[in-house]
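Summary of structural features
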Amino acid sequence: MLKRQAQLSVYIGTLKLKNPVMVASGTFGYAEEFKDYMDLKKLGAIVTKTVTLKPRQGNPVPRTCETPAGMLNSIGLENPGIDVFIDKKLPFFKKIGVPIIVSIASEASAEEFIALAERLDGIQEVSGLELNISCPNLKDAKSGRGSHALIAQDAQATQRLVKMVRKVTKKVLITKLSPNVTSITDIAEAAEDAGSDALSLINTLTALCIDVKSRRPKIATITAGLSGPAIRPVAVRMVWEVYKRVKIPLIGMGGITDTESALEFFIAGASAISVGTGNFLNPKVSTEIIGGITQYLEKNNIRSIKKLTGSLLCQR
Amino acid sequence: MHLEKATLLYNKPLGKNYFRLACNAAKIANDAVPGQFVSVKINNTHEPFLRRPFGIHKVDGCRIEILYEAVGEGTRLLSKNKQGSFLDILGPLGNGYDYRYALIRHKTPVLVAGGMGVAPLFFLAEKLVRSLGRKVRHSPRVLLGAKSKNQILCEKEFKKIGCSVTIATDNGSAGFKGKVTDLLKQTLSTLDCPLSTALYACGPRPMLAEVSRISRKHGIFTQVSLEEHMACGIGACLGCVVKTKDGYKRVCKEGPVFNSEEIVWEKHTKGGR
Ligand SMILES: Cc1cc2nc3c(=O)[nH]c(=O)nc-3n(C[C@H](O)[C@H](O)[C@H](O)COP(=O)(O)OP(=O)(O)OC[C@H]3O[C@@H](n4cnc5c(N)ncnc54)[C@H](O)[C@@H]3O)c2cc1C
Ligand SMILES: Cc1cc2nc3c(=O)[nH]c(=O)nc-3n(C[C@H](O)[C@H](O)[C@H](O)COP(=O)(O)O)c2cc1C
Ligand code: FES
């Protein structure tokens, strides 16, 4: 008997992805960096490094350090600004031919988010926007020190912002949530109510590493964002909680380094996944995961990846 | 750039904490230029988590060599890898030295190594010697600096390929007593025309800052190879930046080799040795 190939395609809002494997903002550069290692066309979608209205030089070094099964980063959203992004970086993305999701942020104001969304709304090759309201590495506007209050830590602020951006863009709108909250489901519902088409979760966990010899922080900005397998169980738990409360699709991420870790997210409730820090360990792991998911589905006679989403069996 | 499963040919101790590792990595060997580096996944667990960067020390046909010091958990585990095992290795990465400058402008290359900084400079010396052919007048001069005599690496190898070698040790147990940068000052002062040289340096950040200060006085073309903590090694994470006159640049992509006058030398708390 001829076996039908497992269906990998999924929808994120109105956007159809040929497979549910994406790469996470800030961990895939501007895609060019990976072209020697893999066929970029195979990816379900690519999320760009977060871009801001004006260029940002980012934080001082050291910006990264290794931790048990993970790493800290405090890049501080270094990026060339939207104009240079559109001029110099977007043309390469356009050539790849997979959906491009542009991650946008502002340290200053909602108006900047709107200006960014308006600029990008007119560009046909941009398939969607991801609102990065959860970057832990920006300075507090008042104190000038690390860890400022995130929009993603406040349900009302999240709702206001998503609503405002929703008004100015027809692109697929994704809101990226922070794990640094008491109740991620409240924020998730706020974003859904305000018209977000999907949610990305999770961004990094605020963390601190100390060099005991010098008694100094290992990262220049003192605190930084923890990523990698160390945060995976937290991320999977949050996807599961949010899945039970919202209807819009979830893009799960946090410590995915192979097929098995990707599958956990689908079972918990994700419709798609993003590979982040895993790209640094093996630059072609995202394409390996696409193959691995197909194999898993076929081996278990699951027709479509959609059937796996939220299929966690809770009874013992 | 390639991702290779390289067969480990040997991983030999060189004195106390130093190791010379060779592996078969044909594609990387074929594309590598001096000053570039490779990024090694020490094992297939998450401990240690990230890849580790090492300068390419030597290329010989399909094989590449690295020279490293066991300084922490990752390098200590690396030193345990046995002949015949596989090494997950990414490279060649970064830009490499502009060795053609010395050749085209008929400059005498002066290679300044501080400690483990000697690693990528041997590949450079070989390339220069080979490209120079019989123009021995311009054969490379190598200044090797270390804390003491038994930390001097590759002296014989440099001499064997026709480089002149002078040594500086902090404690005077071999050669000039003092810093390799003091040796550099002395060497330049004995030359009729310091401008007839081109400097290529690798070593700890403070040493490179000093090399840069010395060469600027003479107006000598100088390239330095920098180290910075790396997460991806391929330009994607923006973690490894260094401050230059044109803003931050990625050590793993626009570097690790920079023209010394490009760098904004600041007090550096971490990275480099
Ligand atoms: C471009 C480049 C080329 C290098 N070439 C060589 C070489 O040829 N030979 C050699 O012996 N060493 C070289 N190094 C330094 C080498 O990468 C570090 O010694 C090694 O990563 C230490 O790992 P560890 O686990 O033993 O030490 P740990 O201190 O346990 O490492 C902890 C973390 O710090 C990072 N780290 C530690 N020291 C350094 C350093 N000096 N520079 C950058 N990151 C560091 C590690 O990569 C790791 O992520 C190079 C570094 C760079 C950036
Ligand atoms: C070096 C680095 C840079 C990042 N930059 C961004 C960014 O610009 N925007 C963003 O939304 N998330 C950024 N992230 C967060 C990731 O997209 C992802 O949410 C997080 O790292 C968790 O996934 P992971 O464990 O698979 O890396 C960054 C993460 C890392 C490690
Ligand atoms: S190490 Fe990631 S950009 Fe250089």
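Read on for a plain summary of the structure. Just so you know, these numbers come straight off a predicted model, no measurement behind them.

This next bit is on the interface of chain A and chain B. At the interface, 35 residues of chain A touch 29 residues of chain B. Here chain A meets chain B over a buried area of about 2,700 Å², counting both sides, of which 63% is carbon and sulfur. Along the contact surface separating chain A from chain B lie two salt bridges. Between Arg250(B) and Glu33(A) there is a salt bridge whose closest N-O contact spans 3.5 Å. Taken together, the links from chain A to chain B amount to eight residue pairs in polar contact (both at pLDDT 80 or more). If one sorts the elements of the side of chain A that touches chain B by residue count, strand β5 (residues 64-67) of chain A sits on top with three residues. Taken together, the residues that form the side of chain A that touches chain B break down as 14 nonpolar, 13 polar and eight charged.

What follows concerns the sheet that holds strand β10 (residues 164-169) of chain B. All names here are of chain B. An order of β11-β10-β9-β8-β12-β13-β16 is seen for the seven strands of this open sheet, with the pairing classed as mixed. The sheet terminates laterally at β11 (176-177) and β16 (257-259), the two strands that pair on one side only. Pairing of strand β9 (residues 141-146) with β10 involves six bridges; the strand directions are parallel. Considered in β10, the bridge of Leu143 is made with Thr166. Relative to β9, helix α6 (residues 180-189) is tilted by about 150°, and along the sheet it contacts β8 (108-114), β9, β10, β11 and β12 (197-202). Taken strand by strand, helix α7 (residues 205-218) contacts β8, β12 and β13 (221-225), and its axis lies near 165° from that of β12.

Let's shift gears to the pairing of strand β8 (residues 126-132) of chain A. All names here are of chain A. Among the seven residues in β8, six count as buried, and that is most of the element. Pairing analysis gives five bridges linking strand β7 (residues 100-104) to β8, with the strands arranged parallel. For Ile104, the partnering residue across the bridge sits in β8 and is Leu131. Viewed along the sheet, the connection from β7 through helix α2 (residues 110-121) into β8 turns out right-handed. Sheet topology places β8 next to strand β9 (residues 172-176); five bridges connect them, and they run parallel. Residue Gly128 lies in a different strand from β9, and its bridge partner there is Val172.

So, about the site of ligand 1. All names here are of chain B. Residues in contact with ligand 1 amount to 21 residues; listed here are only the nearest, Arg52, Pro53, Gly74, Thr75 and Glu227. Gly55 places a polar main-chain atom, nitrogen or oxygen, 2.9 Å from a nitrogen atom of ligand 1. In this structure, His229 approaches ligand 1 through a side-chain N or O atom, which is 3.5 Å from an oxygen atom. Summarising the interface, the protein chains cover 87% of the accessible area of ligand 1, which totals 830 Å² for the free molecule. Mapped onto the shell around ligand 1, the elements with two or more residues apiece are β4 (52-55), β6 (63-69) and α2 (73-78). Tallying contributions element by element places β4 first for the shell around ligand 1, with four residues. Grouping the amino acids of the shell around ligand 1 by side-chain chemistry returns nine nonpolar, six polar and six charged. Of the residues that make up the shell around ligand 1, three or more belong to each of domain 1 (2-93) and domain 2 (100-269).

Next up on the list: the packing of helix α6 (residues 259-268) of chain A against helix α8 (residues 285-299) of chain A. Residues and elements named next belong to chain A. Packing of α6 against α8 brings their axes to within 9 Å, and their N-to-C directions diverge by 65°. Considering how the two elements wind past one another, α6 and α8 form a crossing that is right-handed. The residues of α8 that touch α6, namely those facing Thr259, Ala262, Leu263, Phe266 and Ile267, are Glu288, Ile289, Gly292, Ile293 and Tyr296. Here the residues of the contact of α6 with α8 are counted per class, giving seven nonpolar, two polar and one charged.

Definitions and cut-offs
- Residues numbered from 1 in each chain as written.
- Chains lettered and ligands numbered in written order.
- Predicted model: local features only at pLDDT ≥ 70, side-chain atom pairs only at ≥ 80, totals over all residues.
- Heavy atoms only, no water.
- Contact = heavy atoms within 4.5 Å.
- Buried area = accessible area lost by both parts, 1.4 Å probe.
- Salt bridge = Lys/Arg side-chain N within 4 Å of Asp/Glu carboxyl O.
- Polar contact = N/O pair within 3.5 Å; in protein donor to acceptor, adjacent residues only side chain to side chain.
- Helix = DSSP H or I, 4+ residues; strand = E, 2+ residues; numbered from the N terminus.
- Nonpolar A, V, L, I, M, F, W, Y, C, P; charged D, E, K, R; others polar.
- Pairing = 2+ DSSP bridges.
- Axes fitted to C-alpha atoms, helices over the stretch in contact; angles between N-to-C directions.
- Buried < 20%, exposed > 50% of the residue type's maximum accessible area, 1.4 Å probe, protein only.
- Right-handed = clockwise from strand over helix to strand, strands pointing away.
- Near = heavy atom within 4 Å.
- Areas by Shrake-Rupley, 256 points an atom, 1.4 Å probe, with all protein chains shown as cover.
- Domains from an automatic or database assignment.
- Left-handed = near helix turned anticlockwise from the far one by under 90°.

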